[in-house]
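# Breakdown of the fold
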Amino acid sequence: MSDLTKRKLTLLDGGIGRELKRIGAPFSQPLWSAQALLEAPHYVTLAHENFIQAGAEIITVNSYACVPFHLGESGYQQQGGELARQAAIIARDVANKASHPVQVAGSLPPPLGSYRPDLFEQQQALDILTTLFTAQDEHVDLWLAETIASIEEAHAVANVLKDSTKPCYYAFTLNDELGETARLRSGESVSAAIDAMLTQTNQTKALQIKDSDGIFFNCSVPEVMEQAIRVTTSLLEKYESPLNIGAYANSFVPITQGHEANLTTQGARHLSPEEYLVFAKKWQELGANIIGGCCGIEPSHIQALAEWKNNL
């Protein structure tokens, strides 16, 4: 057994957007999880509390939808940064009141639309990510760059986080179809993405990664996580890197190319806590030491993970 598979397991929360919808918060497209911030922020508090009570040790700031794609350009310019700041304050307050130690992860979402690397534009992305970073930084313990769909997008996020002394976790979203090679939504291989983070090869400049940082995989069907984690574990061992490995899948049906990013509600499937736990056990066995859930993964799923963790 490698050192990577011996590390203490930490539990992340689940998908706050679908949790807000589940508990009755104001929720519609295109505002998504930002609607509760605008109209009924007490629901955001409740969603965080639900995940903490289930056993989450890291909660994620509800800033995923504080971007022009959800708020509209005018809405974002008027209040995107302030909404992200409010979301971070809410998460910090809930974590401070928790009965067990809870860290707050600042969320840096896809600035120009989820699952669509073709929509990415670097300068616009940098401007949005910098605004969200500045809004949350005072109130968070670590950073979670979510649903990264390409190496180019990872570089943009890393540029924003380069001077942060806090742990920075880079979460890539994977192609939902199993193939011979684990791939990002861009079609680039997971191995190429990790090389871009850890080495200087070809024309790719290495990202600035600290030992406390991590490589995660998120917002993809759970079936594709195993392959990506295997590749990651192998490469981290090759480079003798102590980076954290994380996984938090969704309960969506597979997302295909050309998905209308965030414009419609993605179809879901039933994935019980017991079924999700089977996947999580395999991820941990392969080296993942931070595990939670993304869209559609509820407090009941996190509770199943917590009960399992307590018996490890």
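Conventions adopted
- Residues numbered from 1 in each chain as written.
- Predicted model: local features only at pLDDT ≥ 70, side-chain atom pairs only at ≥ 80, totals over all residues.
- Heavy atoms only, no water.
- Phe/Tyr/Trp six-rings, centres within 6.5 Å; stacked < 30°, edge-to-face > 60°.
- Buried < 20%, exposed > 50% of the residue type's maximum accessible area, 1.4 Å probe, protein only.
- Helix = DSSP H or I, 4+ residues; strand = E, 2+ residues; numbered from the N terminus.
- pLDDT = per-residue confidence, 0-100.
- Contact = heavy atoms within 4.5 Å.
- Pairing = 2+ DSSP bridges.
- Right-handed = clockwise from strand over helix to strand, strands pointing away.
- Salt bridge = Lys/Arg side-chain N within 4 Å of Asp/Glu carboxyl O.

### Side note on the packing of aromatic side chains
- This model, assessed by the stated rule, comprises six aromatic pairs.
- Between Phe-27 and Trp-32, the ring centres sit 4.7 Å apart and the planes meet at 55 degrees, which makes this aromatic pair tilted. Each member of the pair, Phe-27 as well as Trp-32, carries the same accessibility label: buried.
- Plain terms: the ring middles of Tyr-169 and Phe-216 are 4.6 Å apart, the flat faces sit at 20 degrees to each other, and that makes the pair stacked. Placement of the pair is Tyr-169 in strand β5 (residues 168–172) and Phe-216 in strand β6 (residues 214–218), with a sequence separation of 47 residues.
- Since its relative accessible area comes to 1%, Phe-216 is described here as buried.
- Through a chain of ring-to-ring contacts, three or more aromatic side chains come together here, namely Tyr-169, Phe-216 and Tyr-248.

### With respect to the confidence of the model for the chain
- Counting all residues, the mean pLDDT for the chain is 92, and 91% of those residues have values of 70 or more.
- Scored below 50 in pLDDT, residues 200–204 makes five contacts in the model with residues more than four places away or belonging to other chains.

### What about the pairing of strand β4 (residues 142–148)?
- Of all seven residues making up β4, seven are buried, and the element is well covered by its neighbours.
- Of the strand pairs in this sheet, strand β3 (residues 103–108) and β4 are connected by four bridges, and their pairing is parallel. Bridge assignment links Ser-107 to a residue of β4, and that residue is Leu-144.
- Following the chain from β3 across helix α6 (residues 122–136) to the adjacent parallel β4, one finds a crossover that is right-handed.
- Of the pairings in the sheet, the one linking β4 to β5 comprises four bridges and is parallel in character. Bridging across to β5, Ile-148 finds its partner in Phe-172.
- Crossover connection from β4 via helix α7 (residues 151–161) to parallel β5: handedness right-handed.

### Thoughts on the pattern of salt bridges
- Within this structure, the stated rule accounts for 12 salt bridges.
- Put simply, Asp-176 and Arg-185 hold a salt bridge, and the shortest N to O gap is 3.2 Å.
- For Arg-185, a relative accessible area of 9% puts it in the buried group.
- A salt bridge links Arg-230 to Glu-226, with the shortest nitrogen-to-oxygen separation between them at 3.0 Å. In this pair, Arg-230 and Glu-226 both sit in helix α9 (residues 225–238), four residues apart, roughly one turn of the helix.

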